[in-house]
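# Understanding the architecture of this molecule
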Amino acid sequence: MMFKNSIKLLCANFDKVWKLLVYLILSWGMTVALLAPFYSAFADIATQVWAQHNLGSVFASGTFYGLSVSVGEAMTSVIGAVFDFIETLFVSHVWIGIYFAIILFVVKPILSDIGRFVTCEMMYGYMATSTKRSFTGTLVRTLKKSLPYAGMKYLFSLPFNALIVLGVFGLSFAKGHVWGALLPILIVIIPSLLFAFKETFISGWAPAMIVFDCNVFKAFPKGMAAVLRRGLRVYSTALIVFLLTFLLAIAFGLYSLVIILPVLFPLLYIFEMVMFFSSQGMRFYVDSDTILTPKRLEEVDKIDNAKYLL
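This text gives an overview of the structure that appears in the document. (Residues numbered from 1 in each chain as written. Predicted model: local features only at pLDDT ≥ 70, side-chain atom pairs only at ≥ 80, totals over all residues. Heavy atoms only, no water.)

## Quick word on the pairing of strand 1 (residues 284–287)
- Alignment of strand 1 against strand 2 (residues 290–292), held across 3 bridges, turns out to be antiparallel. Bridged to Phe284 within strand 2 is Leu292. (Pairing = 2+ DSSP bridges. Helix = DSSP H or I, 4+ residues; strand = E, 2+ residues; numbered from the N terminus.)

## Quick word on the nonpolar core
- Leu9, Tyr23, Met127, Val274, Met275 and Phe284 are the most contacted members of the largest nonpolar core, which totals 51 residues.
- No other element matches helix 13 (residues 257–280), which puts 11 residues into this core. (Core = buried A, V, L, I, M, F, W, Y, C linked by side-chain atoms within 4.5 Å. Buried < 20%, exposed > 50% of the residue type's maximum accessible area, 1.4 Å probe, protein only.)

## Let's talk about the packing of aromatic side chains
- If you walk through the whole model with that rule in mind, you get 20 aromatic pairs.
- Relative to Trp18, the ring of Phe14 lies with its centre 5.8 Å away and its plane at 75 degrees, an arrangement referred to as edge-to-face.
- Judged by centre distance (5.4 Å) and plane angle (65 degrees), the rings of Phe38 and Tyr99 are edge-to-face. With Phe38 in the loop between helix 2 (15–35) and helix 3 (39–52) and Tyr99 in helix 6 (residues 94–129), the pair connects residues that are 61 residues apart, well separated along the chain.
- Judged by its relative accessible area of 29%, Phe38 falls in the partly exposed class.
- Following the ring pairs from residue to residue traces out a cluster consisting of Phe117, Tyr149, Phe156, Phe160, Phe197, Phe201, Trp205 and Phe220. (Phe/Tyr/Trp six-rings, centres within 6.5 Å; stacked < 30°, edge-to-face > 60°.)

## Comments concerning unusual backbone geometry
- Not every positive phi belongs to a glycine, and Ser130 is a case in point at roughly 60 degrees.
- Its location among the elements puts Ser130 in the loop between helix 6 and helix 7 (135–141).
- Residue classification places Ser130 among the partly exposed residues on the basis of a relative accessible area of 25%.
- Positive phi outside glycine occurs at Asp213, with the angle close to 50 degrees.
- With respect to the helices and strands, the residue Asp213 is situated in the loop between helix 10 (205–212) and helix 11 (216–229).

## Considering the packing of helix 2 against helix 6
- Close contact between helix 2 and helix 6 brings their axes to 10 Å; oriented N to C, the two are set at 160 degrees. Our classification of the angle between helix 2 and helix 6 gives roughly antiparallel. Considering how the two elements wind past one another, helix 2 and helix 6 form a crossing that is right-handed. Facing helix 2, whose interface residues are Lys16, Leu20, Tyr23, Leu24, Ser27, Trp28, Met30, Thr31, Leu34 and Leu35, helix 6 presents Tyr99, Phe100, Ile103, Leu104, Lys108, Leu111, Ser112, Ile114, Gly115, Thr119, Met122 and Met123.
- Looking at the contact of helix 2 with helix 6 residue by residue, the classes come out as 15 nonpolar, 5 polar and 2 charged. (Axes fitted to C-alpha atoms, helices over the stretch in contact; angles between N-to-C directions. Parallel < 35°, antiparallel > 145°, perpendicular 65-115°, else oblique. Left-handed = near helix turned anticlockwise from the far one by under 90°. Contact = heavy atoms within 4.5 Å. Nonpolar A, V, L, I, M, F, W, Y, C, P; charged D, E, K, R; others polar.)

Here it is, written out as structure tokens:
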């Protein structure tokens, strides 16, 4: 039901897809602008690494099918190219390398998570009162809350992101005919399991800050309490979302992510709000004519916690 209601809300609020997309494009533009002063250094190293790992053959078709190399070799080439680029950049221009890492791996994720918080805030307005709010106005109004959220979420996500990178990196070492046949399946399943695991731990954080109007530290345990009431369903729904994403990317090619990702992100953020409202037993609009009434909190909470409701 959470997935179904999330899809309904996505369709009823598809304008938020475009608003978030514009924000993400602008945040990428800001990232590129911050890196632009050192463009020549990045371009020289990227050109060298591209030719060294023959990435032209990997990205020629934009899909895993029709490649002149196996999927495992393609993954090894791409991952090796990324590591070689970073290593060469730090060896030849250490301060530029540090600046590059800060902008791309710190500033950009924080900007993206500010957009995540703003989208959740706008969805709160729609789900609670069926009102639509402007993205820019919500961004300015909530900046004092979205910035601490984005910073703390970035720090909290570091071990999860490291686990995901290690999981994907480990797949690149799969060799042999058997692994070659299984690799496309593993590429879908393993990242989906890891991304869903991460989403389960962070999905209640922003909604708790918004609904309870509390700071980032008080919101985390409140969000986790909401998630744990429906833990298995939260994880399984997130897993379905990521499985569909990776399956579509495999089926239609890597370039299809240009269309998939702008829809995936707002769908995840809407799902977080639906999960939180449902776990708290709060009524919410799924469209302008329909109000959904979940089970009350005392019906879904554990018996040990129900006594505190009196």
